[in-house]
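Remarks on the overall topology
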Amino acid sequence: MTPGPYRRFIAIDWSGAKTGYSKKLTVALCEEGQDAPQLIAPEGGWTREAIADYVAGQPAGTLIGFDFSFAPPFLDKGSYLPGEDVPNEGPDFWAHVDAVCSADADCGARTF
């Protein structure tokens, strides 16, 4: 069997935390040859910004998955937020959210 392009696998549960360090933000790493992923947690827990830094520092050959929604449901109502003036394309919608929430701490988007 020929190995695939990935040698490391990281799963991240990004949701659930309001802000700052939290035990609700979870990172698990599975290296090639391991039977199961191992939870990785710095003392005091993760922040979203710390997770972003961790992800940015991963080597080539790492597959990273996030458990979060990329956008609110669209298909049922034909809009991300029916009645609101927001973009209807995913990348443009998230650029809008980023602009509205630029001052929010730890990538939390609470202003939105």
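Small disclaimer: the values here were computed from a predicted structure and weren't measured.

So, helix 2 (residues 90-100)
Those residues of helix 2 not exposed but buried are G90, F93 and V97. Axial view of helix 2: buried residues confined to an arc of 65 degrees, hence all on one face. Those residues of helix 2 that are exposed and angled more than 90 degrees off the buried face are P91, D98 and A99.

Considering the nonpolar core
What tends to happen in soluble globular proteins is that the nonpolar side chains get buried as a cluster. Core analysis: the biggest nonpolar cluster contains nine residues, these being I10, I12, W14, L25, V27, L29, W46, I51 and Y54. Elements supplying a minimum of two residues to this core: strand 1 (8-13), strand 2 (26-31) and helix 1 (48-56). Of all hydrophobic cores here, the second largest spans five residues; its members include V86, F93, V97 and C101.

Quick word on the pattern of salt bridges
Inspection of every chain in the model, using the stated rule, returns two salt bridges. One salt bridge in this structure joins R7 and E32, with 3.5 Å as the shortest N-O distance. One end of the pair, R7, is in the segment before strand 1; the other, E32, is in the loop between strand 2 and strand 3 (38-40), and 25 residues separate them in sequence. Given the relative accessible area of 33%, R7 is considered partly exposed.

Let's talk about the side chain of S79
Mapped onto the fold, S79 is located in the loop between strand 4 (62-67) and helix 2. Ignoring any residue separated from it by four or fewer positions in sequence, one finds S79 in contact with P73, F74 and N88.

Examining a nonpolar patch on the surface
A cluster of nonpolar side chains, contributed by Y6, F9 and L63, occupies part of the molecular surface with about 260 Å² of accessible area. As for its placement among the helices and strands, L63 is situated in strand 4.

Describing the sheet that holds strand 1
Here we have four strands laid out as an open sheet, ordered 3-2-1-4, and mixed in their pairing. The outermost strands of the open sheet, each flanked by one partner alone, are strand 3 and strand 4. For this sheet the average axis-to-axis angle between neighbouring strands, irrespective of direction, equals 25 degrees. Relative to strand 2, strand 1 is paired through six bridges, and the arrangement is antiparallel. Within strand 2, the position partnered with D13 by the bridge is T26. Where helix 1 meets the sheet, its contacts fall on strand 1, strand 2, strand 3 and strand 4, and the angle it forms with strand 1 comes to roughly 165 degrees.

A look at the packing of aromatic side chains
Considering all chains together, one arrives at four aromatic pairs under this definition. Ring-pair connections join several aromatic residues into one group, and the members of that group are Y80, F93 and W94.

Describing the side chain of T62
Relative to the helices and strands, T62 resides in strand 4. The buried category is assigned to T62, whose relative accessible area is 14%. One polar contact links T62 to R8, side chain to side chain, over a distance of 3.5 Å. Here P59 takes part through its backbone oxygen, which lies 2.8 Å from a polar atom of the side chain of T62.

The rules behind these values
Counting restarts for each chain: residues are numbered from 1 in the order of the written sequence. In view of the model being predicted, local features appear only for residues whose pLDDT reaches at least 70, and side-chain atom pairs are presented and counted only at 80 or more, with totals across whole chains, interfaces and linings using the full set of residues. Excluded from the side-chain calculation are hydrogens and water; included are all heavy atoms of the structure. When a residue's accessible area, from a 1.4 Å probe over protein chains only, is under 20% of the maximum for its type it is buried; when over 50% it is exposed; and in between it is partly exposed. Put simply, DSSP marks the helices as runs of H or I at least four residues long and the strands as runs of E at least two long, and each gets a number from the N terminus on. Taken from the helix axis, the directions to the C-beta atoms give the arc we talk about. Among buried residues, the Ala, Val, Leu, Ile, Met, Phe, Trp, Tyr and Cys ones that are joined through side-chain atoms within 4.5 Å form a nonpolar core. Put simply, a salt bridge is a Lys or Arg side-chain nitrogen that is within 4 Å of an Asp or Glu carboxyl oxygen. The contact rule is simple, with two residues in contact once any of their heavy atoms fall within 4.5 Å. Patches draw on residues past 30% relative accessible area with no salt bridge. Two like charges within 9 Å are joined, as are two nonpolar side chains (Val, Leu, Ile, Met, Phe, Trp, Tyr) within 5 Å. Shrake-Rupley sampling with a 1.4 Å probe provides the accessible areas, and residues are treated as covered by the protein chains on show and by no other component. Should DSSP find at least two bridges between two strands, the strands are taken to pair. Axis definition: a line fitted to C-alpha atoms, limited for helices to the stretch in contact. Angles are taken between N-to-C directions and run from 0 to 180 degrees. Any two rings among Phe, Tyr and Trp, with Trp reduced to its six-membered ring, count as a pair given centres within 6.5 Å; such a pair is stacked if its planes are under 30 degrees apart, edge-to-face if over 60, and tilted if neither. In protein, a polar contact requires one atom able to donate a hydrogen and another able to accept it; more generally it is a pair of N or O atoms within 3.5 Å, and residues adjacent in sequence count only if both atoms are side-chain atoms.

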